[in-house]
Amino acid sequence: MSWSYLFKHWIGTLLFAPFVFELFCIISEKSNSVVGLIEVYPITFIFSLIFSAPTYILYGIIYFYLSKKEIAIKYSKTILILFTSLSILITFHIVFNARELYTSFAYIITSIMLGIIFKLNFKNDHNKPYN
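As a starting point, this report considers the structure included with it. (Residues numbered from 1 in each chain as written. Predicted model: local features only at pLDDT ≥ 70, side-chain atom pairs only at ≥ 80, totals over all residues. Heavy atoms only, no water.)

### A look at the environment of Leu 6
Within the secondary structure, Leu 6 is located in helix H1 (residues 4–27). For Leu 6, a relative accessible area of 4% translates into the label buried. C-alpha separation for the pair Leu 6 and Gly 115, spaced 109 residues apart in sequence, amounts to 9.2 Å. If sequence neighbours within four positions are ignored, Leu 6 has contacts with Tyr 56, Tyr 59 and Gly 60. (Helix = DSSP H or I, 4+ residues; strand = E, 2+ residues; numbered from the N terminus. Buried < 20%, exposed > 50% of the residue type's maximum accessible area, 1.4 Å probe, protein only. Contact = heavy atoms within 4.5 Å.)

Shown next, in the form of structure tokens:
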């Protein structure tokens, strides 16, 4: 089983979501510069890493479970993406009480895009008929 999908998805979301959020702010005219993001990016990354750890621990458990079952890759990806999106909403609601709606959307959109782009490959499953 290859865990690279999980790590690419997790780290990619943490790295790119702040930029997607800044893009939302620029489009909605709440911000007109990227300077604010550059100043807080390291702190944002650290806090995102901490707050997303429980989600991606559960994600790893689900990933491991799906790798052992005979479920088509497209369904496994869908399950993982939906789980991540729902977990992001729950985490943002618990931590920020729905005040950071744009931020949660940025993380969800980034997570969905990366989940679709990255190839899910359960090693040792080439004999499964559902791939």
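So that's the structure; there's more coming.
### Quick notes on the layout of surface pockets
Each pocket or cavity is described by its volume, and for the largest pocket that value is around 480 Å³. Surrounding the largest pocket, 25 residues form its lining, Ser 48, Phe 92, Phe 96, Thr 103 and Tyr 107 being those nearest its centre. Counting residues per element, the ones that place at least two in the lining of the largest pocket are H1, helix H2 (35–68), helix H3 (73–96) and helix H4 (101–117). If one sorts the elements of the lining of the largest pocket by residue count, H2 sits on top with ten residues. Considered class by class, the residues forming the lining of the largest pocket number 14 nonpolar, nine polar and two charged. (1 Å grid on protein atoms, 1.4 Å probe; cavity = no way out; pocket = protein on both sides within 12 Å on 5 of 7 lines; lining within 4 Å. Points joined across faces, edges and corners; volume = space filled by probe spheres on them. Nonpolar A, V, L, I, M, F, W, Y, C, P; charged D, E, K, R; others polar.)

### Describing H3
For H3, which comprises 24 residues, the first-to-last C-alpha distance of 34 Å matches the rise-based estimate of 34 Å (1.5 Å per residue) to within 8%. Residues of H3 that are buried include every one of Ile 73, Ser 76, Lys 77, Leu 80, Ile 81, Phe 83, Thr 84, Ser 85, Ser 87, Ile 88 and Phe 92, and no others. Asn 97 sits one or two positions beyond H3 and adopts a positive phi of about 55°. (Expected span 1.5 Å × (residues − 1).)

### Topic: the packing of H1 against H4
With their axes 7 Å apart at the nearest point, H1 and H4 run at an angle of 135° to one another. Considering the angle they form, H1 stands oblique to H4. In this structure, the crossing between H1 and H4 has a hand that is right-handed. In this structure, H1 contributes Tyr 5, His 9, Gly 12, Thr 13, Leu 14, Phe 16, Ala 17, Pro 18, Val 20, Phe 21 and Phe 24 to the contact, and H4 contributes Tyr 102, Thr 103, Phe 105, Ala 106, Tyr 107, Ile 109, Thr 110, Ser 111, Leu 114 and Gly 115. A class-by-class count of the residues in the contact of H1 with H4 yields 14 nonpolar, seven polar and no charged. (Axes fitted to C-alpha atoms, helices over the stretch in contact; angles between N-to-C directions. Parallel < 35°, antiparallel > 145°, perpendicular 65-115°, else oblique. Left-handed = near helix turned anticlockwise from the far one by under 90°.)

Worth remembering: the numbers are spatial, not functional.
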